[in-house]
Amino acid sequence: MEIKYAIEGHNINKKYKNFELKVDELKVPEGFATALIGENGAGKSTLLNFLSGVRRDAKGEINYFNETTNIEDAKEKIGYTGTDNYFIPTWSGREVKEISKLLFDDFDEKKFDDIANALAIDSDTFTIKGKSVSKLSDGNKVKLMLATVLARNTRTLILDEPASPLDPLMREKLSDILRSYLAGGDGKRSVLFSTHNISDMESVTDYAIIMEKGKIVEEGFVEDLKEKYIVVKGDNDSYEKVKGHLLNAHANQFGYEGICLSKDLDKLAGFDIIKEIPTLFQISVAVMKQNSVLGNVVL
Ligand SMILES: Nc1ncnc2c1ncn2[C@@H]1O[C@H](COP(=O)(O)OP(=O)(O)OP(=O)(O)O)[C@@H](O)[C@H]1O
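- The protein chain is annotated in an unreviewed UniProt entry as ABC-2 type transport system ATP-binding protein of Eubacterium uniforme.

Structural data, given as structure tokens:
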């Protein structure tokens, strides 16, 4: 299968006093949902802000849809939601809709109403003297931002932690919505979202990019990553001998469990082990731990 890219970046660099974003090569496959994963402060929002044009002070080149390197030309085709509410706090949902109609030529009012209903956004906010955005719950604020971008005719959604404030049912709904968005695009629509809710969002993750300390440390289609890594379980008798080959291992009174690179499995030959396909969560945690800024705490 020939993969095209919705977004391709080269030598993206931004230095803050205590942090450097340094992404030599970024590829967001077209037609798929890509999850951007990494621990707090890894640089996910900083990267998404540059890709969406919210910030423009990074170095490097970003190519959108293999058509343009100018965010001004691409921004009509991109729907972005951030972690901060970007509406004026005193606006009601009704005003958000009216202003979106003015701002975006492709804003579809009926689609917005349908999405607002489907997401059960607080209906008080759409009445004539509606409840202001500042009084909405965090989950409803995210739903309102999602309804606004989904009501447009975009080619790529860039969503910064859309799942965080949502309840489990809404996360499932969000996954359904993103799948339906991709399915309606004839392979031309793409989604890039950051998330800490890896398990809840795994069903809608085709491609994963894992970042640590401002750099991409692992990436790939989830099905390929699930072949690259493998979960290994066994008895505690052999734990001390195998743990050096495992990336993230825990032992308790019932035995040990860890994850290793499939190519290293031959190093465990002769040990009585059970092998399992890892989840994206297990892979992500193992990769993040290799590169983590976290220290150890003894309690
Ligand atoms: N305007 C700024 N000035 C200085 N440092 C900044 C600025 N914006 C971000 N940073 C720093 O850049 C680093 C990356 O932050 P960023 O918000 O991109 O991380 P993140 O991966 O999105 O984290 P989280 O998962 O906690 O949201 C952090 O150390 C942050 O303090």
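Some words on the pattern of salt bridges
Oppositely charged side chains are able to pair whenever their charged atoms sit close together.
Then comes step 1: Applying the stated criterion across every chain yields a total of 26 salt bridges.
Then comes step 2: Close ionic contact of Arg 179 with Asp 206 constitutes a salt bridge, the shortest N to O distance being 3.1 Å. Taken as a pair, Arg 179 in helix 6 (residues 168-183) and Asp 206 in the loop between helix 7 (198-201) and strand 8 (207-212) lie far apart in primary sequence, 27 residues in all.
Then comes step 3: Overall, the relative accessible area of 33% leaves Arg 179 in the partly exposed class.
Then comes step 4: Residue class for Asp 206 comes out buried when judged on its relative accessible area of 19%.
Then comes step 5: The network of salt bridges with shared partners includes Lys 97, Glu 98, Lys 101, Glu 109 and Asp 113.

Focus: the domain arrangement of the protein chain
Then comes step 1: When the domains of the protein chain are assigned, the result is domain 1 (5-213) and domain 2 (225-291).
Then comes step 2: Spacing between the C-alpha centres of domain 1 and domain 2 amounts to 35 Å.
Then comes step 3: Between domain 1 and domain 2, a total of about 890 Å² is buried, with carbon and sulfur atoms accounting for 71% of that surface.
Then comes step 4: Counting the contacts that link domain 1 with domain 2 gives 1 salt bridge.
Then comes step 5: One salt bridge connects Lys 226 with Glu 202, and the closest N-O pair in it is separated by 2.7 Å.
Then comes step 6: Scanning the region where domain 1 abuts domain 2 turns up 2 residue pairs in polar contact (both at pLDDT 80 or more).
Then comes step 7: Contributions of two or more residues to the side of domain 1 that touches domain 2 are made by helix 7 and strand 8.
Then comes step 8: With 3 residues, strand 8 is the largest single contributor of residues to the side of domain 1 that touches domain 2.
Then comes step 9: The residue inventory of the side of domain 1 that touches domain 2, partitioned by class, reads 4 nonpolar, 3 polar and 4 charged.

Description of the sheet that holds strand 13 (residues 273-276)
Then comes step 1: The sheet built from 4 strands is open, its strands ordered 11-12-10-13 with antiparallel pairing. Only two strands of the sheet have a single partner each, and these edge strands are strand 11 (250-252) and strand 13. Taking each pair of neighbouring strands and ignoring which way they run, the sheet shows an average axis angle of 20°.
Then comes step 2: The sheet contact formed by strand 10 (residues 229-234) and strand 13 spans 4 bridges and is antiparallel. Each bridged residue has a counterpart across the sheet, and for Gly 234 the counterpart in strand 13 is Ile 273.

Re the site of the ligand
Then comes step 1: For the ligand, the set of nearby residues contains 13 residues, the closest of which are Gly 41, Gly 43, Lys 44, Thr 46 and His 196.
Then comes step 2: At 3.1 Å, a backbone N or O of Ala 42 approaches an oxygen atom of the ligand.
Then comes step 3: Between the ligand and Glu 161, the relevant distance is 3.4 Å, taken from an oxygen atom to a side-chain nitrogen or oxygen of the residue.
Then comes step 4: Here the ligand has 640 Å² of accessible area as a free molecule, and 60% of this is covered by the chains.
Then comes step 5: If one sorts the elements of the shell around the ligand by residue count, helix 1 (residues 44-52) sits on top with 3 residues.

Notes on the nonpolar core
Then comes step 1: By size, the foremost hydrophobic cluster in this structure holds 49 residues, and its most contacted members are Ile 37, Leu 144, Leu 150, Leu 157, Leu 178, Val 191 and Phe 193.
Then comes step 2: Here this core gathers at least three residues from each of two domains, domain 1 (5-213) and domain 2 (225-291).
Then comes step 3: Not counting residues within four places of it along the chain, the set of residues in contact with Phe 193 comprises Ala 33, Thr 34, Ala 35, Leu 36, Leu 159, Pro 162, Leu 178, Met 201, Val 204 and Thr 205.
Then comes step 4: Among the nonpolar cores identified, the runner-up in size contains 28 residues, and Leu 21, Val 28, Ala 42 and Ile 78 belong to it.

Some words on the packing of aromatic side chains
Then comes step 1: Using the criterion set out here, one finds 5 aromatic pairs in the structure.
Then comes step 2: When the centroid spacing of 5.5 Å and the interplanar angle of 45° are considered together, the rings of Phe 107 and Phe 112 count as tilted.
Then comes step 3: On the basis of relative accessibility, which here comes to 9%, the residue Phe 107 falls in the buried class.
Then comes step 4: Given the relative accessible area of 0%, Phe 112 is considered buried.
Then comes step 5: Through a chain of ring-to-ring contacts, the aromatic side chains of Phe 32, Tyr 207 and Phe 221 assemble into a single cluster.
Then comes step 6: A cation over an aromatic ring shows up here: Lys 27 above the ring of Tyr 5, its NZ or CZ 4.6 Å from the ring centre.
Then comes step 7: The positively charged end of Arg 189 is found above the aromatic ring belonging to Tyr 181, 4.7 Å away from the centroid.

Re the packing of helix 4 (residues 109-118) against helix 5 (residues 138-150)
Then comes step 1: It is at 8 Å that the axes of helix 4 and helix 5 come closest, and there the two elements cross at 150°. Taken as axis vectors, helix 4 and helix 5 run roughly antiparallel relative to one another. Crossing of helix 4 over helix 5 shows right-handed handedness. Touching Lys 111, Phe 112, Ile 115 and Ala 116 of helix 4 are Leu 144, Ala 147, Thr 148 and Leu 150, all from helix 5.
Then comes step 2: For the contact of helix 4 with helix 5, a count of residues per class yields 6 nonpolar, 1 polar and 1 charged.

Calculation notes
- Residues take numbers from 1 onward in each chain, read along the sequence in its written order.
- The model is predicted, so local features are restricted to residues of pLDDT at least 70 and side-chain atom pairs to those at 80 or more, both for listing and for counting; the totals for chains, interfaces and linings are taken over all residues.
- Values reported for side chains reflect all heavy atoms of the structure, with hydrogen atoms and water molecules removed beforehand.
- Just to be clear on terms, a salt bridge is a Lys or Arg side-chain nitrogen sitting within 4 Å of an Asp or Glu carboxyl oxygen.
- Helix and strand labels come from DSSP, where a helix needs a run of H or I of at least four residues and a strand needs a run of E of at least two; each type is numbered from the N terminus.
- Per-residue accessibility, obtained with a 1.4 Å probe over protein chains only, is compared with the maximum for each type, and a residue is labelled buried under 20%, exposed over 50%, and partly exposed between these values.
- Domain delimitation in this document rests on an assignment produced automatically or drawn from a domain database.
- A 1.4 Å probe defines the accessible area here, and the buried area is the portion of it lost by two parts on being joined, summed over both.
- Whenever a nitrogen or oxygen atom comes within 3.5 Å of another N or O atom, the pair is scored as a polar contact, on the condition that within protein one atom can donate a hydrogen and the other can accept it, and that pairs from neighbouring residues in sequence are kept only if both atoms are in side chains.
- Lys, Arg, Asp and Glu make up the charged group, whereas Ala, Val, Leu, Ile, Met, Phe, Trp, Tyr, Cys and Pro make up the nonpolar group; the residues left over, Gly among them, are polar.
- Only strands joined by at least two bridges in the DSSP assignment are considered to pair.
- Only C-alpha atoms enter the line fits that serve as axes; for helices the fit covers just the stretch in contact. Angles between N-to-C directions range over 0 to 180 degrees.
- A single heavy atom is enough: if one lies within 4 Å of a molecule or strand, its residue is considered near that molecule or strand.
- Where accessible areas are quoted, they stem from the Shrake-Rupley method and a 1.4 Å probe; at the residue level, only the protein chains shown are allowed to cover.
- Among buried residues, those of type Ala, Val, Leu, Ile, Met, Phe, Trp, Tyr and Cys that are joined through side-chain atoms within 4.5 Å constitute a nonpolar core.
- Residues are treated as being in contact if the distance between any of their heavy atoms lies within 4.5 Å.
- Only rings of Phe, Tyr and Trp enter the pairing, Trp through its six-membered ring, and a pair is recorded when the two centres are within 6.5 Å. The plane angle decides the type: under 30 degrees is stacked, over 60 is edge-to-face, the rest tilted.
- As a reminder, the over-ring test applies to NZ of lysine and CZ of arginine, requiring each to be within 6 Å of the ring centre and within 35 degrees of the ring normal.
- Here the word oblique covers every angle except those under 35 degrees (roughly parallel), over 145 (roughly antiparallel) and from 65 to 115 (roughly perpendicular).
- Left-handed describes a crossing whose near helix is turned anticlockwise from the far helix through less than a right angle; right-handed describes the clockwise counterpart.

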